[in-house]
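Summary of the model geometry
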Amino acid sequence: QICRDLELGDDAMELWFNRAMLADPDNAQACADKAIYLGPQWNDESEKAAAFGQECLQTGTARNRISLVTVDIYENLAAITADPNAFFHNPEVWKVIQAAYAVVLSDASRMMDDRRLLLADRGALLKYAFRCGQWQAFLDLAKEYGEDVNVVALGGRDRYDFEKQLAQQQLTAK
C-alpha cells in the first residue's frame, strides 16, 4: 500500500512483498495488498494480477487462505468488464474459483477447530457456483453440505432455498 501511495513502482512493491513473504510465508495480507496494487483500480495490470492469482493458488493452504486472494482478483477483474455476469459465466473463471476454494476446504480438521469459518467458506463456494451459472455443481454442493453451511453468504435461508429451486429449474430447462 505504501508503494502505491508513494508511487514507488513495481520494483519497490516486489521488494517489499518478497520481504514480507520471507518473514512470513503465510502472509495472506501481503498477497492481498499485492493483488490490489496490480489490480484495475490502481495500475490496471490485469494480466499480471491474473498471473499472481495463479501463484496464490499454488502457495495457498487451508490455513493461510492465500488461495482466496485469487477470488478477490477475479472480483476486481469482473468489476471492470462491460458485463460482470458474463465474466463469471465463463467456465474458466469457475474452474479457478473452484480451485481456490478447494484449497481452503481441503482440510477436514477445520470442521472441528475452525467450524464457523469452514461453514462460511462453503457458503461462499455455493454463492460462486450459483453466480457462475454452474447449476449442477451448485446442487451437488448443496446436497453434499446438507445443513453444514453458513447461508449468510447466500443471502439467508430463504434466498438459499430459492436459489436451489432456480438451479433445478435451469437444469430442467436444458
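Structure report, in brief.

Rules used in this analysis
- Along each chain, residues carry numbers from 1 onward, in the same order as the chain's sequence is written.
- Selection of residues for local features in this predicted model requires a pLDDT of at least 70, selection of side-chain atom pairs for listing and counting requires 80 or more, and totals for whole chains, interfaces and linings are taken over all residues.
- Note that the side-chain values use all heavy atoms of the structure and ignore hydrogens as well as water.
- Axes here refer to lines fitted to C-alpha atoms; in helices the fit is confined to the stretch in contact. Angles between the N-to-C directions go from 0 to 180 degrees.
- Helix numbers and strand numbers start at the N terminus; a helix is a DSSP run of H or I with at least 4 residues, a strand a run of E with at least 2.
- Each angle is binned into one of four classes, with values under 35 degrees roughly parallel, values over 145 roughly antiparallel, values of 65 to 115 roughly perpendicular, and all other values oblique.
- By convention the crossing between two helices is left-handed if the near helix lies anticlockwise of the far one by an angle smaller than a right angle, and right-handed if it lies clockwise.
- Here, residues are in contact when the closest pair of their heavy atoms is within 4.5 Å.
- Buried and open spaces are told apart on a 1 Å grid over the protein atoms alone, a cavity being a set of points where a 1.4 Å probe fits but cannot get out and a pocket being an open set with protein on both sides within 12 Å along at least five of seven lines. Residues with an atom within 4 Å of a point are the lining residues.
- Grid points are joined across faces, edges and corners, and a volume is the space filled by probe spheres set on the points.
- When residue character is reported, Ala, Val, Leu, Ile, Met, Phe, Trp, Tyr, Cys and Pro are called nonpolar, Asp, Glu, Lys and Arg charged, and the others, Gly included, polar.

Details of the packing of helix 9 (residues 115–131) against helix 10 (residues 135–145)
Packed helices, taken two at a time, are described by their axes: the angle between them and the distance between them. Across the interface, helix 9 lies against helix 10 with an axial gap of 8 Å and an inter-helix angle of 155°. Our classification of the angle between helix 9 and helix 10 gives roughly antiparallel. In this structure, the crossing between helix 9 and helix 10 has a hand that is left-handed. Taking contact as the criterion, the partners of Arg122, Leu125, Leu126, Ala129 and Phe130 in helix 9 are, on helix 10, Trp135, Phe138, Leu141, Ala142 and Tyr145.

Topic: unusual backbone geometry
We note that Arg65 has phi near 65°; this positive angle belongs to a residue other than glycine. Of note, Arg65 is situated in the loop between helix 4 (46–59) and helix 5 (69–79).

Notes on the layout of surface pockets
As a volume, the second largest pocket reaches approximately 170 Å³. Along the walls of the second largest pocket sit 13 residues, with Leu105, Arg122, Leu125, Glu144 and Tyr145 positioned nearest its centre. If you list the elements that add at least two residues to the lining of the second largest pocket, you get helix 7 (91–105), helix 9 and helix 10. Take the lining of the second largest pocket: its biggest share by element is 4 residues, from helix 7. Across the lining of the second largest pocket, the residue classes break down as 9 nonpolar, 1 polar and 3 charged.

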